[in-house]
Amino acid sequence: MPKTYRTAIIALIGSLWSLPAYAAGFYAGANIGDSDVQGLGGSASAGLYVGYTIDSWLGLEAGYNRLGRWTGSDQGLPYTNIINNVDVSLTVGPRIGRRLRVYGRLGFVDWSTIGTSGGGEHRVTGHSAQYDILEELHQGFYGLGVSYRLGSNIGLRLEYRIYRAMAVNGHDLDINSVLLGAAYHFG
């Protein structure tokens, strides 16, 4: 291959790599998905989020998620738990080409659980009541995801998250969520 063609190909690849598809700026979006609580099964989930892309590697995000609704009985007493959360997280990962980005997420979540148990309904924030399924509700979480920019303002993402919670009986519970989201990038 002549030297001119090699130089042109290298320049083209370099220019595609440096295009600002992930320029710094604010974004807002929504996601839908499925959450699975160990021992309770799956439930539909949904959420809203806002974030700021610092550069092509780093982002900061805050969100609200309804992880799901589960019903059952414990020691003959019926319960219903609706698990909501507010989270703050950091995303870190490289972009691949102009539009694709693979990232990891590490964050902190503040649970707000609405539950009924033993015939009464109550709202729990932080630490739960005696019959609630979750006891310690301030936890960290992590995840892996991939995002793709469809254009300069619209993006899609697919993400897997793992939340950890302590059950009343002292055993850790995993809440696994798979989320599909869409975002609008301002500017």
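Residues numbered from 1 in each chain as written. Predicted model: local features only at pLDDT ≥ 70, side-chain atom pairs only at ≥ 80, totals over all residues. Heavy atoms only, no water.

The next point concerns the overall build of the protein. A count of helices and strands for the protein gives 1 helix and 11 strands. With 187 residues in all, the protein has 39% of them scored as buried. In the protein, the proportion of contacts linking residues at least 24 apart, taken out of those at least 6 apart, comes to 56%. About 10100 Å² of surface is accessible on the protein, with carbon and sulfur atoms providing 65% of the total. (Helix = DSSP H or I, 4+ residues; strand = E, 2+ residues; numbered from the N terminus. Buried < 20%, exposed > 50% of the residue type's maximum accessible area, 1.4 Å probe, protein only. Contact = heavy atoms within 4.5 Å. Areas by Shrake-Rupley, 256 points an atom, 1.4 Å probe, with all protein chains shown as cover.)

Counted under the stated rule, the structure contains 4 aromatic pairs. Look at Phe-141 and Tyr-163: their rings are 5.0 Å apart centre to centre, the planes differ by 25 degrees, and that puts the pair in the stacked class. Taken together, the residues span a long stretch of sequence, with Phe-141 in strand E9 (residues 138-149) and Tyr-163 in strand E10 (residues 154-167) at a distance of 22 residues. The same class applies to Phe-141 and to Tyr-163, which are both buried. Above the ring of Tyr-49, the side-chain terminus of Arg-157 is found at 3.7 Å from the ring centroid. (Phe/Tyr/Trp six-rings, centres within 6.5 Å; stacked < 30°, edge-to-face > 60°. Lys NZ or Arg CZ within 6 Å of the ring centre and 35° of its normal.)

Take the nonpolar core next. Formed by Val-37, Leu-67, Trp-70, Ile-83, Val-109, Phe-141, Tyr-163, Leu-173 and Ile-175, the largest nonpolar core amounts to 9 residues. Broken down by secondary-structure element, the contributors of at least two residues to this core are strand E3 (58-74) and strand E11 (172-185). (Core = buried A, V, L, I, M, F, W, Y, C linked by side-chain atoms within 4.5 Å.)

Position of Arg-105 among the secondary structure elements: in strand E6 (residues 100-117). A polar side-chain atom of Arg-105 sits 2.6 Å from a polar atom in the side chain of Ser-89. The residues contacting Arg-105, other than those within four sequence positions of it, are Glu-61, Ser-89, Leu-90, Thr-91, Phe-141, Tyr-142, Gly-143, Arg-157, Glu-159 and Arg-161. (Polar contact = N/O pair within 3.5 Å; in protein donor to acceptor, adjacent residues only side chain to side chain.)

Turning to the confidence of the model for the protein, a few remarks are in order. For the protein, mean pLDDT is 77; residues scoring 70 or higher make up 67% of the total. Predicted confidence is poor over residues 15-21, with pLDDT under 50, and the contacts of this stretch with residues over four places away or in other chains come to 12 contacts. Ignoring residues within four places in sequence, the model shows residues 120-136, a span with pLDDT below 50, making 55 contacts including any to other chains. (pLDDT = per-residue confidence, 0-100.)

Residue placement: Asp-110 occurs in strand E6. Linking Asp-110 and Asn-84, residues 26 residues apart in sequence, is a C-alpha distance of 8.8 Å.

Tracing the chain through its elements places Leu-158 in strand E10. Residue Leu-158 is classed as partly exposed on the basis of its relative accessible area of 44%. Expressed as a C-alpha distance, the spacing of Leu-158 and Gly-33, which sit 125 residues apart in the sequence, is 9.5 Å. When residues no more than four places from it in sequence are discounted, the contact partners of Leu-158 are Tyr-103, Leu-144, Gly-145, Val-146, Val-178, Leu-179 and Leu-180.

By the secondary structure assignment, Gly-51 is in strand E2 (residues 41-53). Residue classification places Gly-51 among the buried positions, given a relative accessible area of 6%. Apart from residues no more than four positions distant in its own chain, Gly-51 is found in contact with Gly-25, Phe-26, Tyr-27, Leu-60 and Glu-61.

This model, assessed by the stated rule, comprises 7 salt bridges. Residue Glu-61 is joined to Arg-157 by a salt bridge in which the shortest nitrogen-to-oxygen separation is 2.9 Å. Note that Glu-61 is positioned in strand E3 and Arg-157 in strand E10, a separation of 96 residues in sequence. Exposure class is identical for Glu-61 and Arg-157. Each is buried. Here Arg-105 and Glu-159 are joined by a salt bridge, their closest N and O atoms 2.5 Å apart. (Salt bridge = Lys/Arg side-chain N within 4 Å of Asp/Glu carboxyl O.)

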